[in-house]
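Listed here are the chains, written in short residue letters.
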Amino acid sequence: MAPKTSVPESNPPLTPAMFHVLLALAGDDLHGYAILKEVELRTDGEVKLSTGTLYGIIKRLLNDGLIVERRERPAAHDDERRRYYRLTPQGREVAAAEAARLEKVVAIARARRLLKKAQPA
Amino acid sequence: MTEPERRATNRFRMLLRLLPAEFRGDFGPEMEQVFVAQREEAAREGGKMGIWRLWWETAKGIFTAAPREHLSMLRQDSAFALRMMRKNLGFTIAAIIVLGLGIGANTAIFSVVNAVLLKPLPYEHGERLLMLRERLSRSAPAGRNVSVPEMLDYRRQNRSLDAIVEYHNMQFILLGRAEPEQVETGVVSWNFFDVFGAKPLLGRNFAPEDEKEGAPAVLLLSYEYWLRSFGGDPIVIGKVFRMNDKPHTVIGVLPPFPQYPHENDVYMPSSACPFRSGTHMIANRQMRMLRLFARMKPGTRSTEAEADLSTVAAAMQKEFPNDYPDDAQPGVEATPLKAELTRDAKPTMLFLLAAAGFVLLIACANVANLNLARMVRRERELGVRTAMGASRVRLFRQLVTESSLLALLGGALGLLLANGGLHLLSAYVARFTPRAREVHIDLVVLLFTLGVVLFVSVLTGTAPAVARRENLITTLKEGGSQSTLGFVRGRLRSALIVAQVAVSFLLLIGAGLTVRSLINLQRVDPGFRPDNVLTVQFSLDFSRYTTNEKTLAFWESLLQKVQSLPGVTAVAAAGDFPLDKSPAFSNQFLIEGHQGDSTDAKPTAELNVITPEYLSVLGIPLFSGRNFIQHDHPESPKVALINQSTAQRYWRNEDPVGRRISFDNGKTWTQIIGVIGDVHEHGLDVPANDFIYLPFTQYPQNGPALMARTQGDPMAVARAVVQRLYEVDPNQPAGRIQSLEQYRADSIAAPRLTANLLGLFALLALAIAAAGIGGVMALAVSQRTHEIGVRMAIGARPAEIVRMILSQGMGLALVGVAIGVAAAFALTRAVKSLLFGVTPSDPATFLAVAAVLAAAALAACYLPARRAAKVDPLRALRAE
């Protein structure tokens, strides 16, 4: 663990797929299928998680306390097998830290002229 | 849901089965739901192709996720198990030691069984090699050797064999090193080693020219002799030594391989042996000095080869009726070489393997019981975990992980123990088979040990886990450590105790019977006094001692010199002495006046040639008549002594002294002058054979032994005796020098070691079982503290409490003994061939073992019973 930062890091570090799941949950609380769709949408279809991979990730994130299952259900007619996941504050911090780390990496890449210029957000 | 959807869901569920059950329990329904949604979308957007693509991606995902999830579960379980093991260090160490001993015993014995009985012979096409013996009739038990003309007939006329090679063993004197050396020599066909597929380590093999008459004499050295006498120096190739008055050139060194039937120092082709190449030997069908080995043609069975060769034997009898007795029905016995090499080892090794297996069973039952006992204390923990949502499968897995870890650690300890004891074990096995050198821990042994570990973890882990399942609900209801033993578990624990006692009983019986056999063997009166006798074996150099006069002069001089040594009270020479492992050679003879009635088989007896002092040196009594004297010289009438069993068999109601017998069909007659005591010549467990003794002066021997009775330790005069030998003939080496007592000890060394090993196993079993009973009773007492308190509060006296606990424990032990007795009656018959002088159901042994077990059980129950009697009723009741 880096000594100077108080930002929590998951250990071992996040995989890109895990990061994508955290990013997907950074917006809304979502159920499994919605997470898959969200990730696919946000990455223009470049990242497609399979169910096996997704639930392996969900299990890790639950264990590490980065996400929790939401108690209340959105609508009465919802499929009751569905469970909704929510980012915990800790999960949000980890995701933010990872984003910051990636931003620094991107900055370096830019300085070395590997990327042309900043894309408008 | 439509039909295709249902089918797809079912298929997906099958795929999910790859994942750990717990994972499936947590996420399965949800994943199913996601998959259904994905499938709908895929069908909508991509049609059939989309669905195929989805299946492909999904399967890939689950196949990669499954091992990861299993591994992570295993890691968690192991970490938890290790924590639990550290917490219960006493239990952990006890279990590892018990399992380590059990697994170690099995690994060690199995490594022997594997090397000796399972592995193919280390010869090329070992499965096609046979050992051939002639037998005269189907009823005659022992096969005999073969003569040169017979071998040539077998070679020419058989249809089932690739090759027949000959072998015999001689002691020759090798000159040209610092001292003359007596070497064990194997005399073989030129292609002997080709048949065995042994390629020389150095130099070359024998070639066909080497066996031609008059070819320059050549030698192959055995690997062991080369190491021992030449320090493994390759320069030995091409060296020339004198042997049998001829130069012999070393042409090669053999690889290390099991030599059978003797461990020879050197090998020579048959033409170089002065006896084998004599015209008498080549022409005479009755000079049977050769052992034959053969290699079958591929695909031939040994029974087919046997039938084939027996046809040849029958044809020989027809062609040469004078060489075969009328009553004979010659045949050939073809034993597969592997069976021949392992015949002596097999029953003992299997017996020991079974014993080791029983030790392991006891160890497993014991650890399973310890586990069950621990489970009582862990009820709370497991109950809480169940309540918190841990599935049954998960807890089952946890328990099995713990027992597997224990078994693995036990297995590691067992491997260490086995490896440590292996050289002792292979020295022991060498007494049974020449394959002992092949004993080591190889991949097969490791796999076996792994299998044992698996077996152990299932046996020790599943029982408690299963018992737990039954008990889950009661535990939570009863709420913890004070709960009484669950019904199922209590019964299981009792059954395990009963099993331990029963199996211990079996092992103790096995050990008891072998120990009694050993005692009986040691008590056998050998017919001679083995104490304080020195024996020196050697073969006189026949190329120099060519006449009886020269041989007799040598002996007269040597015996006189040794007799005058201080400490020597008597000295004798003989062709053989008891227990020297010389083979039995029966000779037929005629009894004067009985030649006519030849309906029965002809009388036969073994022969030995002795000097008069033989009787006093060995302490053999003379029952009637007289001993040999100096006057029985070469020219005087031929005389003989016979032993008692010969006298009883052929002169039942008469005095044999003064009767005459003939060894040459009545051409010359030999008078019986005395009857002496029977001697166990071929082993304490072998009854005394019929023996006829002839005087040394009338039949001088080149290959005899010198025996000296001494006042003190016979080995103390060994050096002086050898010095006297060199004084008489500086070129005459001594062979084996050993006390007769040592021969006697060696002759029962194998049964002694077997008894020791079994005794060790049985003691181990007894200790484990006793500890098991003690542990179970201690637990029962601690669980019944409350009940005991109540009983004492209402007036039960301590003695009654003690009796109650003892009777509970002893009840289990006695049921175990009863089952053990029944099993022992059924099983010990299998080991009959290993016993001597004791029946497999020997009542004394059974009673003694039952008493020992009962005593051990009583002692084991006593401590917990006393603790029960000291229960303070007030405190016991308050604790509730």
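Quantities reported herein were computed from a predicted structural model and do not represent experimental measurements.

*Asks:* Looking at this model, I keep getting lost on the overall build of chain A. Mind explaining?
*Replies:* Assigned secondary structure in chain A consists of four helices and three strands. Reading the secondary structure of chain A in the N-to-C direction produces α-β-α-α-β-β-α. Among the 121 residues that make up chain A, the fraction classed as buried is 38%. At a minimum sequence separation of 6, the contacts of chain A that also span at least 24 residues come to 51%. As displayed, chain A offers around 8000 Å² of accessible surface, 54% of which is attributable to carbon and sulfur atoms.

*Asks:* Is there a simple way to explain the packing of helix α18 (residues 740-747) of chain B against helix α19 (residues 749-783) of chain B in this structure?
*Replies:* The description of two helices packed together rests on the angle between their axes and the distance between the axes. Residues and elements named next belong to chain B. Relative to each other, α18 and α19 sit at 50 degrees, their axes nearing to 4 Å. With respect to each other, α18 and α19 are oriented oblique. Counted together, Ala745, Asp746 and Ser747 of α18 and Ala749, Pro751 and Arg752 of α19 form the full contact between these two elements. Of the residues in the contact of α18 with α19, the class split is three nonpolar, one polar and two charged.

*Asks:* Looking at this structure, I do not really get the pattern of salt bridges. What am I missing?
*Replies:* Pairing is possible between side chains that carry opposite charge, provided their charged atoms lie close to one another. Residues and elements named next belong to chain B. Considering all chains together, one arrives at 48 salt bridges over all chains under this definition. Here Arg133 ties to Glu340 by a salt bridge, and the two come within 2.7 Å at their closest N and O atoms. Within this pair, whereas Arg133 is found in strand β1 (residues 129-135), its partner Glu340 is found in helix α9 (residues 337-342), the two being separated by 207 residues in sequence. In this pair, the class of Arg133 matches that of Glu340, namely buried. Put simply, Arg133, Arg135, Glu333, Glu340 and Arg343 are held in one network by salt bridges that share partners.

*Asks:* Quick question: what am I supposed to make of unusual backbone geometry here?
*Replies:* One can expect most non-glycine residues to show negative phi and most peptide bonds to be in trans. Along the chain, B:Tyr260 connects to B:Pro261 via a cis peptide bond; the corresponding omega equals 0 degrees. For B:Pro261, the location among the structural elements is in the loop between β8 (246-253) and β9 (266-269). With phi around 55 degrees, A:Asp44 is a residue other than glycine that occupies positive phi space. Residue placement: A:Asp44 occurs in the loop between α2 (32-42) and α3 (51-63). A positive phi is found at B:His125, a non-glycine position, where the angle reads about 50 degrees.

*Asks:* Just to check I follow, could you spell out the pairing of strand β11 (residues 331-336) of chain B for this structure?
*Replies:* A regular strand carries its side chains on alternate faces of the sheet. All names here are of chain B. Of all six residues making up β11, five are buried, and the element is well covered by its neighbours. As paired strands, β1 and β11 are joined by six bridges and run antiparallel to one another. Within β11, the position partnered with Leu130 by the bridge is Pro336.

*Asks:* Help me understand the pairing of β8(B) in this model?
*Replies:* All names here are of chain B. Summarising the sheet, strand β5 (residues 202-203) and β8 pair through two bridges and their orientation is antiparallel. Bridge pairing in β8 places Gly203 opposite Gly252. The hairpin formed by strand β7 (residues 240-243) and β8 contains two residues between the paired strands, and Asn244 there has a positive phi angle of roughly 50 degrees.

*Asks:* Honestly, the sheet that holds strand β1 (residues 30-31) of chain A in this entry has me stumped. Any pointers?
*Replies:* Note: strands within a sheet are paired through backbone hydrogen bonds, in either parallel or antiparallel orientation. Residue and element names in this part refer to chain A. With antiparallel pairing, three strands are arranged side by side in an open sheet as β1-β3-β2. In the strand order of this sheet, the two ends are held by β1 and β2 (67-69), each with one partner. Note: β1 against strand β3 (residues 84-87), two bridges, orientation antiparallel. Note that in β3 the partner of His31 across the bridge is Tyr84. Taken strand by strand, helix α1 (residues 16-27) contacts β1, β2 and β3, and its axis lies near 90 degrees from that of β3.

*Asks:* Got a minute to help me understand the interface of chain A and chain B in this structure?
*Replies:* Many descriptions give the size of an interface as the accessible area lost when the pieces come together. Listed as interface residues are 19 residues of chain A and, on the opposing side, 21 residues of chain B. Between chain A and chain B, roughly 1800 Å² of surface is buried when both sides are summed, and carbon and sulfur atoms account for 54% of that area. Where chain A meets chain B, there are three salt bridges. The salt bridge involving B:Glu69 is made with A:Lys59; its shortest N-O contact spans 2.7 Å. Seen at the junction of chain A and chain B, the total is seven residue pairs in polar contact (both at pLDDT 80 or more). For the side of chain A that touches chain B, the secondary-structure elements that each account for two or more residues are α2 and α3 of chain A.

So, how was this worked out
- Residues numbered from 1 in each chain as written.
- Chains lettered and ligands numbered in written order.
- Predicted model: local features only at pLDDT ≥ 70, side-chain atom pairs only at ≥ 80, totals over all residues.
- Heavy atoms only, no water.
- Helix = DSSP H or I, 4+ residues; strand = E, 2+ residues; numbered from the N terminus.
- Buried < 20%, exposed > 50% of the residue type's maximum accessible area, 1.4 Å probe, protein only.
- Contact = heavy atoms within 4.5 Å.
- Areas by Shrake-Rupley, 256 points an atom, 1.4 Å probe, with all protein chains shown as cover.
- Axes fitted to C-alpha atoms, helices over the stretch in contact; angles between N-to-C directions.
- Parallel < 35°, antiparallel > 145°, perpendicular 65-115°, else oblique.
- Nonpolar A, V, L, I, M, F, W, Y, C, P; charged D, E, K, R; others polar.
- Salt bridge = Lys/Arg side-chain N within 4 Å of Asp/Glu carboxyl O.
- Pairing = 2+ DSSP bridges.
- Buried area = accessible area lost by both parts, 1.4 Å probe.
- Polar contact = N/O pair within 3.5 Å; in protein donor to acceptor, adjacent residues only side chain to side chain.

Functional significance is not addressed by these values, which are geometric in nature.
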